[in-house]
Amino acid sequence: MTAAVTAGPEAVACAEQGTEAASPQHPQRAGPRDCHSAEAIVASLSSLPAWSSRPASRNAQRQRGAQRILDWLSGLPGDGWQARWLLSGADDGTGWVEEVMAGNGRDPAVRREVVTDGFAVLLLRQVVLPGYQLLHRYRTTSLFRDARQVFSPGLFERIGQAGRKTGHSPVQQAVAEGCLLKMMLHTGRDLGELTEDDLLGYLGWGRRHGGDVPPGLHAAWDLLRDTGVLTTQLPLRRAAGRGQLTASQLVDRYQLRCQPARDAFVRYALEGATVITF
């Protein structure tokens, strides 16, 4: 589940349109099926683990929704699905769902279900890697349940065992695992590939958008540490404040609300200086 990484003018364009820019470590996130055709992607959906356990009618609906979203993205410029997704501004709100639904004569509730079902399977196939702001609004337990079967089911079992050993309540464990899944869907990494920088990056996003630590992030950090995914012995609170701060961390201390401005300061720090005095 390793994300391919490319860079290009689309990354700058998406920042200008207000979508979430990628971190310096991942200048433009893109999934492994970024350059696959729409036909190949839709055909691959039947290989998802939960596909055979769903009614054929529901699976057909998921395929229709996925096809509709891909058709919509195909009308945008870009070298791959991720570039088109970023240029669409879809991370910033749910208005894109209405655009994709337009022109279909079905009941509005049914049309929305078709699109959201299609979006869920595109996420499971890593066709697009959404921003955290969208993932925080996209509340569906079925997506996270299916994602556990698709991505690292064995490691998630160990994560569950670590949570029970720690004494997490079912709610605490679900929130922590949801936090892990959001980072996986955002970065394109497998559970065992998540790094300290990924979690610190999510922490930085939370501080820039409301000033709060994302729910479950401290517990998620501890679970990864307890299962050996993270090698540090420090808790998140201490790891976030240790040593010399990275360029991103320095800039994020000022909680800039304008993403393009924030990214410009980070680029300047990375390209033109090793130490910045503010």
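Our subject in this report is the structure included herewith. (Residues numbered from 1 in each chain as written. Predicted model: local features only at pLDDT ≥ 70, side-chain atom pairs only at ≥ 80, totals over all residues. Heavy atoms only, no water.)

W96, F119, M183, L191 and L224 are the most contacted members of the largest nonpolar core, which has 65 residues in total. Those residues in contact with M183, other than ones at most four positions away along the chain, are Y132, G188, L194, D198, L199, Y202 and L217. (Core = buried A, V, L, I, M, F, W, Y, C linked by side-chain atoms within 4.5 Å. Buried < 20%, exposed > 50% of the residue type's maximum accessible area, 1.4 Å probe, protein only. Contact = heavy atoms within 4.5 Å.)

By the definition in use, this model includes eight salt bridges. Two residues, D146 and R54, come together in a salt bridge whose shortest N-O distance is 2.8 Å. One end of the pair, D146, is in helix 8 (residues 141–150); the other, R54, is in the loop between helix 2 (38–44) and helix 3 (56–74), with 92 residues separating them in the sequence. For D146, a relative accessible area of 5% translates into the label buried. Using a relative accessible area of 22% as the deciding quantity, one classes R54 as partly exposed. Put simply, D146 and R62 hold a salt bridge, and the shortest N to O gap is 3.9 Å. (Salt bridge = Lys/Arg side-chain N within 4 Å of Asp/Glu carboxyl O. Helix = DSSP H or I, 4+ residues; strand = E, 2+ residues; numbered from the N terminus.)

Let's shift gears to the environment of T187. Within the secondary structure, T187 is located in helix 10 (residues 170–187). Separated by 11 residues in sequence, T187 and D198 place their C-alpha atoms 7.8 Å apart. Within polar-contact distance, the side chain of T187 engages the backbone oxygen of M183 at 2.8 Å. Of note is the side chain of T187, whose polar atom sits 3.2 Å from the backbone nitrogen of R189. (Polar contact = N/O pair within 3.5 Å; in protein donor to acceptor, adjacent residues only side chain to side chain.)

The next thing to look at is the packing of helix 11 (residues 196–208) against helix 12 (residues 217–226). The relative placement of two packed helices comes down to the angle between their axes together with the axis-to-axis distance. Between helix 11 and helix 12, the shortest axis-to-axis distance is 11 Å and the interhelical angle comes to 175°. As judged from the angle between their axes, helix 11 and helix 12 are roughly antiparallel. Seen from helix 11, the contacting residues are E196, L199, L200, Y202 and L203; seen from helix 12, they are L217, A220, W221 and L224. Grouping the constituent residues of the contact of helix 11 with helix 12 by class yields eight nonpolar, no polar and one charged. (Axes fitted to C-alpha atoms, helices over the stretch in contact; angles between N-to-C directions. Parallel < 35°, antiparallel > 145°, perpendicular 65-115°, else oblique. Nonpolar A, V, L, I, M, F, W, Y, C, P; charged D, E, K, R; others polar.)

On to unusual backbone geometry. Positioned with a positive phi, Q126 is a non-glycine residue whose angle comes to about 60°. The phi dihedral of S152 is positive, around 50°, even though this residue is not glycine. You can see S152 is positioned in the loop between helix 8 and helix 9 (153–166). Using a relative accessible area of 15% as the deciding quantity, one classes S152 as buried.

Where helix 8 is concerned, the buried positions are L143, F144, D146 and A147. When helix 8 is viewed along its axis, its buried side chains cluster within an angular range of 165° and face the same direction. Two residues or fewer past helix 8, S152 is found with a positive phi of approximately 50°. (Arc of directions from axis to C-beta.)

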